[in-house]
Amino acid sequence: MKKIIAAILGTPLLLAGIAGGYAFHLLKGNTFQIEKTAYIYVDQDDTADSVAIKVQRNGHPKTMTGYNIMCQLKKYGNHPRTGRYAIDPNACMYDFVRQLANGIQTPIKLTVHESRTVDALIGRMAKQLMIDSTAISNVLYSDNFIESLGYDKHTLPCMFIPNTYEVYWNITPEKLLQRLQKEKENFWNDTRRSKAVAAGLTIEQVATLASIVESESNYGPEKPTIAGLYLNRLHKGMKLQSDPTVIFALQDFTIRRVTLAMLTHESPYNTYVHEGLPPGPIRIPSTEGLDAVLNYEKSDYIYMCAKEDFSGSHNFTSSLTEHNNNARRYQQALNQRGIKR
């Protein structure tokens, strides 16, 4: 009889123990059914319920009860924090919701591409971030902001150093641009600055020349040769006469063949009309292009012409006669392919 009474009296404690154990399992147990880390993105319009849908979709939890309990304890529905959050395969719901509530994000790898225009780059960056391209543009193209960083509308492309950077997905436009400015300063270390001075160029002029070099050729090994050729022309007081600068001046990037009529188009970017470098880059060059200018090949070349085999490489020479022969063969190749513009 005593044993039966003891069993009855112990039942509430047993039930409490079972309930406590179940609650512990819901919050601290291995909840998610995924084999590798998954990510959810919480934006400004999200609520606790919409975040729950994303957690279910990406983490495949056995149950969302622990999520609901933790959201109530943390009052998460009142202030979801934007950002990119990792769901580890071994995570428990307690730790994950605490991570959400405290805004403990996992950064993304933002790729800054070499691009034809600043607007194109902005668009590509915005696709990787919570902010849209309009928000970035509104800050970047503000006169006060541009001036505060030391640029004008021509030199603005010099700000961007193509690379991959770790940033938070919900970074603000201001912080993003300040970060990119900092990365630009890091790139231009004492060694690179010394090489620019030795070449007789400012940092902005290096970027401008690199943009021309990369518009002339995608073939990496000859970029230092092209850079050296243009530096020879600059030092001799010759016009650069670069076809890509004409295309940029016309803002028609479908042009494959620059005609004589195009060469007279008035623009500060047209190096057939104006001596020296344009007022700014004609594209955002890669780090390879920038280093090609800083480590330019010394030669006596002052002429170049695309090879008639359309391999993407060029013939280089210091002889006008030889250059004219090279140009004639290339023009004939264009005619044979029916490329008139």
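Above this text is the structure in question.
Anyway, here's the lowdown on the structure attached to this text. Here the structure is a predicted model, which means the values were calculated and not measured. (Residues numbered from 1 in each chain as written. Predicted model: local features only at pLDDT ≥ 70, side-chain atom pairs only at ≥ 80, totals over all residues. Heavy atoms only, no water.)

**What to know about unusual backbone geometry**
Heads up, the rule is: The helix and strand labels rest on DSSP assignments: H or I over at least four residues marks a helix, E over at least two residues marks a strand, and numbering proceeds from the N terminus.
Despite not being glycine, Gln241 shows a phi value in the positive range, around 50°. Among the structural elements, Gln241 can be located in the loop between helix H11 (223–236) and helix H12 (243–250).

**Focus: the packing of helix H3 (residues 65–74) against helix H4 (residues 93–102)**
Basically, it comes down to this: Here the axes come from fitting lines to C-alpha atoms, over the contacting stretch only for helices, and the angles between their N-to-C directions go from 0 to 180 degrees. Any angle between 65 and 115 degrees counts as roughly perpendicular, while under 35 counts as roughly parallel, over 145 as roughly antiparallel, and the rest as oblique. For any helix crossing, the convention is left-handed if the near helix is rotated counterclockwise from the far helix by under a right angle, and right-handed if that rotation is clockwise. Whether two residues are in contact is decided by their heavy atoms: any pair within 4.5 Å suffices. Classes in brief: Ala, Val, Leu, Ile, Met, Phe, Trp, Tyr, Cys and Pro nonpolar; Asp, Glu, Lys and Arg charged; the others, Gly included, polar.
The geometry of H3 relative to H4 is characterised by a closest axis approach of 9 Å and an angle of 40° between their N-to-C directions. As far as their axial angle goes, H4 and H3 are oblique. The chirality of how H3 crosses H4 is right-handed. Contacts from Gly66, Tyr67, Met70, Cys71 and Lys74 in H3 reach Met93, Tyr94, Val97, Arg98, Leu100 and Ala101 in H4. Residues of the contact of H3 with H4, tallied by class, amount to eight nonpolar, one polar and two charged.

**So, the side chain of Ser115**
Keep this limit in mind: For the exposure calls, accessible area comes from a 1.4 Å probe over protein chains only, and a residue counts as buried if that area is under 20% of its type's maximum, exposed if over 50%, partly exposed in between. By the criterion applied in these results, polar contacts are pairs of N or O atoms within 3.5 Å in which, for protein atoms, one can donate a hydrogen and the other can accept it, and in which residues neighboring in sequence qualify only through two side-chain atoms.
Within the secondary structure layout, Ser115 lies in the loop between strand E3 (108–112) and helix H5 (118–126). Note on Ser115: relative accessible area 2%, which makes it buried. A distance of 3.2 Å separates a polar atom in the side chain of Ser115 from the backbone oxygen of His113. The residues touching Ser115, leaving out its near neighbours within four places in the chain, are Ala120, Leu121, Arg124, Arg283 and Ile284.

**Quick look at the pairing of E3**
The side chains of a regular strand alternate between both faces of the sheet. The condition is simple: For two strands to pair, DSSP has to find at least two bridges joining them.
What you see with E3 is a clean split: Ile108, Leu110 and Val112 sit on the buried side and Lys109 and Thr111 on the side with no burial. Of the strand pairs in this sheet, E3 and strand E4 (residues 163–167) are connected by five bridges, and their pairing is antiparallel. In the strand pairing of E4, Ile108 is matched with Val167.

**Topic: the pattern of salt bridges**
For side chains bearing opposite charge, pairing can occur when the charged atoms are close. Heads up, the rule is: Any carboxyl oxygen of Asp or Glu that lies within 4 Å of a side-chain nitrogen of Lys or Arg is treated as forming a salt bridge with it.
Summed over the entire model, instances satisfying the criterion amount to 10 salt bridges. Residues joined in a network through salt bridges with shared partners are Lys184, Glu185 and Arg193.

**Thoughts on the packing of aromatic side chains**
So the rule is basically this: Two rings from Phe, Tyr or Trp (for Trp, the six-membered ring) form a pair when their centres are within 6.5 Å of each other. A pair whose planes differ by under 30 degrees is stacked, one over 60 is edge-to-face, and the rest are tilted. Only lysine NZ and arginine CZ atoms are considered, and such an atom sits over a ring when it is within 6 Å of the ring centre and within 35 degrees of the ring normal.
Taken as a whole and judged by the stated rule, the model has six aromatic pairs. Relative to Phe253, the ring of Phe248 lies with its centre 6.5 Å away and its plane at 55°, an arrangement referred to as tilted. A network of ring pairs unites the aromatic residues Phe248, Phe253 and Tyr269 as a single cluster. Over the face of the ring belonging to Phe187 we find Arg192, whose NZ or CZ atom lies 3.8 Å from the ring centre.

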